[in-house]
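# Residue-level structural notes
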Number of protein chains: 2
Amino acid sequence: MTVSRVLREPDKVSAKAREKVRAAIDKLGYVPDPAASALATGRTNVIGFIVPSVTNNVFSDVLSGVYKAAEGTEWQIQLGNSRYSPLEEERLVRTFLSQRPAGLILSGIDQSSETLALLKRASCRMVQIMETGPDPLDMMVGFSHLDAARAATRHLIEAGYVRPGFLAARLDPRTQRRLEGFRDVTRRAGCLSDERIVTTPKPSSVTLGGLLMADLLARAPETDAVLCNNDDLALGALFECQRRGIDVPQAMGICGFNDLEMMAAANPSISSVRTFRQEMGKTAMDMLIAALRNPDNPVETVDLGYQVMARGSTARQA
Amino acid sequence: MTVSRVLREPDKVSAKAREKVRAAIDKLGYVPDPAASALATGRTNVIGFIVPSVTNNVFSDVLSGVYKAAEGTEWQIQLGNSRYSPLEEERLVRTFLSQRPAGLILSGIDQSSETLALLKRASCRMVQIMETGPDPLDMMVGFSHLDAARAATRHLIEAGYVRPGFLAARLDPRTQRRLEGFRDVTRRAGCLSDERIVTTPKPSSVTLGGLLMADLLARAPETDAVLCNNDDLALGALFECQRRGIDVPQAMGICGFNDLEMMAAANPSISSVRTFRQEMGKTAMDMLIAALRNPDNPVETVDLGYQVMARGSTARQA
DNA sequence: TTGACAAATGTTAGCGCTAACATATGTTGA
DNA sequence: TCAACATATGTTAGCGCTAACATTTGTCAA
């Protein structure tokens, strides 16, 4: 029992006993068994983190932020990959909950009603990340994809483009909200054309960006700018324009989304909407840890915002 | 006990009892407690996977392969991020081993001697991935980075380039072996120049590729080709050449490493050494599962090879 | 010095499961 | 029909830890 105290509440043990125990631990190479601890306490120090994709740069940045915040703490990350499938997400939530996690980090706010029911019955703390919205399950860290897409669209219009299009792959809920933002602003500006909205359910890639751009030009050759749902597509669109001898930014403006590192390095540099992915992961984990340490902590929703990065690919000369 | 059997060895229970138990499980919503099982059996169904980086595309592809192979099995992945630090890797191995994992997947073959000592004492099965080499701890899946770099260098020379350089960031052990391959082939061909080898310990990025290219051109303006240690650097190098008006592939050949999807989509398309990252993760996990199911399985070392993808960026016209 | 209380340490039982063994039930051939 | 065996089910104890309580030791004021 004193050993258990030395490891978990060293202040409650006298300095003498503490040192004796520590010396014995070192000598014997004792390592506590987390399974026994979990069984006795009914909880673990595992934080489950469910992402829809492990290859998408966006989530690897978020993951890196989560790991950063977890570093040096007693909490362990358990990563789950839902592959954009609500059913798989439900299965993962079930598995994770059976392990009595200390907390959960969930991507997005569009959990299925079954998943929501499971989560509401669960006793652990949780954070929804990637976007903000009404009715948080518990805590929330993200930004408004609708507003971000609106701001990017306004940027295109302000830069002098008058027939903007939209390219998107993988129509996940956040993509759909971005498209909504694009429609919203172009409609008000009187330059919305469904012909110039090209989407596909396929997973995003640079190659696909080129294909979508080609498709867009075939369907609506008058297009003079594209808002791409992510940076891979934007880069692919740029390459496609270059192959066709279309001048970027004069004949075609290109704006990405997320502002991956490569956007600034491209030639021309590509405008994009910067999102704070690593910060999102770090903030979520920090909030979760704070809530676990102090259950009275107020439940927060944090909006990390976004930033339109205007660069060469939309710098049209009048 | 019969319940436990129904869940783990259903064949040993009569069909009648089995159905009765299953009905009760459904009715009561019973979910087994993995911690109690771990305590009773002394093992878990967790497979630890330690990667040096979660943001590097290479490892997210491998991770995706590992998840693919784990899908639908009873095994859980526990991901650890060593951030290229041998000390952190040692700490992670310690933590993972304390959880009595069923297996471990380790990146690379350069574990510290302390880590190796821990691993040799451990009783679980393990796979080293990313490269092949002598003295495997147990199983191994990878390829020869030395040979791959040699082949890429030969490709540059055969394409007609005579003063090739080498760009590398983050000098991890695999990078160093690739550099070795480059030196080896250029030395034999009589075109090795240390002036044309530009490296930095900084983490790799597209921006850095541009900076390294600029550095190389300042130090060795005669350079007519670069082998880049990875595709980010290659893309950055291409952009830098375009900004300077250097013709790729006529005045400068560029070859990357890994063959990320974007390489084929670039303009010009960029030559690269294809590596089988997702297959590597999947194979490692498949081998581990097979070894866990059948401990008599022979211990294997699998070489997945590589493939030089010759594209526009090295298609010099005579 | 003593009682009253706080601080430190010790004792007990049980978390939920499963290995190992014990018992019950079924099945077969003579 | 019954032994002899196979198959199915049940019993027991213990995995290593910690919550809750019990006891001991230390500290302080009267």
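Anything mentioned here points back to the structure above.
First, a word on what this report is: a plain description of the structure on this page. Bear in mind the structure is a predicted one, so any value in this text is a computation, not a measurement. (Residues numbered from 1 in each chain as written. Chains lettered and ligands numbered in written order. Predicted model: local features only at pLDDT ≥ 70, side-chain atom pairs only at ≥ 80, totals over all residues. Heavy atoms only, no water.)

## A closer look at the overall build of chain A
Along chain A, the regular secondary structure elements total 12 helices and 12 strands. Referenced to the eigenvectors of the C-alpha coordinate spread, the extents of chain A come out at roughly 80 × 40 × 30 Å. A total of 318 residues make up chain A; the buried ones form 53% of that total. When the accessible surface of chain A is summed, it comes to about 13,700 Å², and 51% of that surface belongs to carbon and sulfur atoms. (Helix = DSSP H or I, 4+ residues; strand = E, 2+ residues; numbered from the N terminus. Buried < 20%, exposed > 50% of the residue type's maximum accessible area, 1.4 Å probe, protein only. Areas by Shrake-Rupley, 256 points an atom, 1.4 Å probe, with all protein chains shown as cover.)

## Observations regarding the sheet that holds strand S3 (residues 103-107) of chain A
Residue and element names in this part refer to chain A. The 6 strands are arranged S2-S1-S3-S4-S5-S11 in an open sheet whose pairing can be described as parallel. Unpaired on one side and paired on the other, strand S2 (76-81) and strand S11 (301-303) mark the two borders of the sheet. The sheet shows a mean angle of 15° between the axes of neighbouring strands, taken without regard to direction. Of the strand pairs in this sheet, strand S5 (residues 139-143) and S11 are connected by 3 bridges, and their pairing is parallel. In the sheet register, Gly142 faces S11, and the bridge partner there is Asp303. (Pairing = 2+ DSSP bridges. Axes fitted to C-alpha atoms, helices over the stretch in contact; angles between N-to-C directions.)

## Re the environment of Leu146 of chain A
Residue and element names in this part refer to chain A. Examined against the element boundaries, Leu146 turns out to sit in helix H7 (residues 145-158). Placed 101 residues apart in sequence, Leu146 and Asn45 show a C-alpha to C-alpha distance of 36 Å. The residues touching Leu146, leaving out its near neighbours within four places in the chain, are Arg177, Glu180 and Gly181. (Contact = heavy atoms within 4.5 Å.)

## Here's the deal with the relation of the copies chain A and chain B
Aligned on chain B, chain A shows an RMSD of 0.0 Å; the corresponding rotation is 180° and the shift along the axis is 0.0 Å. Taken together, the rotation and translation describe the operation of a two-fold axis. When C-alpha distances to the rotation axis are compared across chain A, the minimum falls at Ala35 of chain A, with a value of 2.4 Å. Most of the interface of chain A is mirrored in chain B, where 100% of its interface residues again form contacts. (Least-squares fit on C-alpha atoms with pLDDT ≥ 70 in both.)

## Considerations on the protein's contact with DNA strand D
Close to DNA strand D lie 20 residues; Ser4, Arg8 and Tyr30 of chain A together with Arg5 and Ser14 of chain B are nearest. Backbone sugar and phosphate groups make up 63% of those atoms of DNA strand D lying within 4 Å of the protein. At 3.4 Å, a backbone N or O of Ala36 of chain A approaches a base nitrogen of DNA strand D. In the environment of DNA strand D, a base oxygen lies 2.7 Å from a nitrogen or oxygen atom belonging to the side chain of Arg5 of chain B. Mapped by element, the contributors of at least two residues to the surface near DNA strand D are helix H1 (2-8) and helix H3 (34-41) of chain A together with helix H1 (2-8) and helix H3 (34-41) of chain B. Considering each element in turn, the surface near DNA strand D owes the most residues, 5 residues, to H3 of chain A. Here the surface near DNA strand D is composed, by residue class, of 11 nonpolar, 5 polar and 4 charged. (Near = heavy atom within 4 Å. Polar contact = N/O pair within 3.5 Å; in protein donor to acceptor, adjacent residues only side chain to side chain. Nonpolar A, V, L, I, M, F, W, Y, C, P; charged D, E, K, R; others polar.)

## Side note on the protein's contact with DNA strand C
Taken together, 19 residues sit near DNA strand C, with Arg5 and Ser14 of chain A together with Ser4, Arg8 and Tyr30 of chain B positioned nearest. Here DNA strand C approaches the protein such that, of its atoms within 4 Å, sugar and phosphate make up 64%. Between DNA strand C and Ala40 of chain A there is a distance of 3.5 Å, counted from a base oxygen to a backbone nitrogen or oxygen. Measuring from a phosphate oxygen of DNA strand C, one finds a side-chain N or O atom of Arg8 of chain B at 3.3 Å. For the surface near DNA strand C, the secondary structure elements donating two or more residues are H1 and H3 of chain A together with H1 and H3 of chain B. Residue classes in the surface near DNA strand C are distributed as 10 nonpolar, 5 polar and 4 charged.

## What to know about helix H10 (residues 231-244) of chain A
Residue and element names in this part refer to chain A. For H10, spanning 14 residues, the distance from its first C-alpha to its last is 20 Å, which sits close to the expected 20 Å at 1.5 Å a residue. Buried residues dominate H10, accounting for 10 of its 14 residues. The complete set of buried residues in H10 reads Asp231, Leu233, Ala234, Leu235, Gly236, Ala237, Leu238, Phe239, Glu240 and Cys241. Put simply, Asn230 is the residue that caps the front of H10, since its side-chain oxygen is 3.0 Å from the backbone nitrogen of Asp232. Directly beyond the C-terminal end of H10, a positive phi value near 70° is found at Gly245. (Expected span 1.5 Å × (residues − 1).)

## Quick notes on the interface of chain A and chain B
Residue-level contacts link 41 residues of chain A with 41 residues of chain B. Around 3,500 Å² of area is buried between chain A and chain B when both sides are counted, 55% of it from carbon and sulfur atoms. Of all residues in chain A, Tyr67, Phe239 and Asn267 of chain A bury the most surface against chain B, accounting for 15% of the area lost on that side. Along the contact surface separating chain A from chain B lie 4 salt bridges. With its nearest N and O atoms 3.4 Å apart, the salt bridge here joins Glu71 of chain B to Arg83 of chain A. If you look at where chain A meets chain B, you find 20 residue pairs in polar contact (both at pLDDT 80 or more). Among the elements of the structure, H3, helix H4 (57-70), S2, helix H5 (86-98), helix H9 (206-219), H10 and helix H11 (261-265) of chain A are those that each provide at least two residues to the side of chain A that touches chain B. For the side of chain A that touches chain B, the residue count by class is 19 nonpolar, 15 polar and 7 charged. (Buried area = accessible area lost by both parts, 1.4 Å probe. Salt bridge = Lys/Arg side-chain N within 4 Å of Asp/Glu carboxyl O.)

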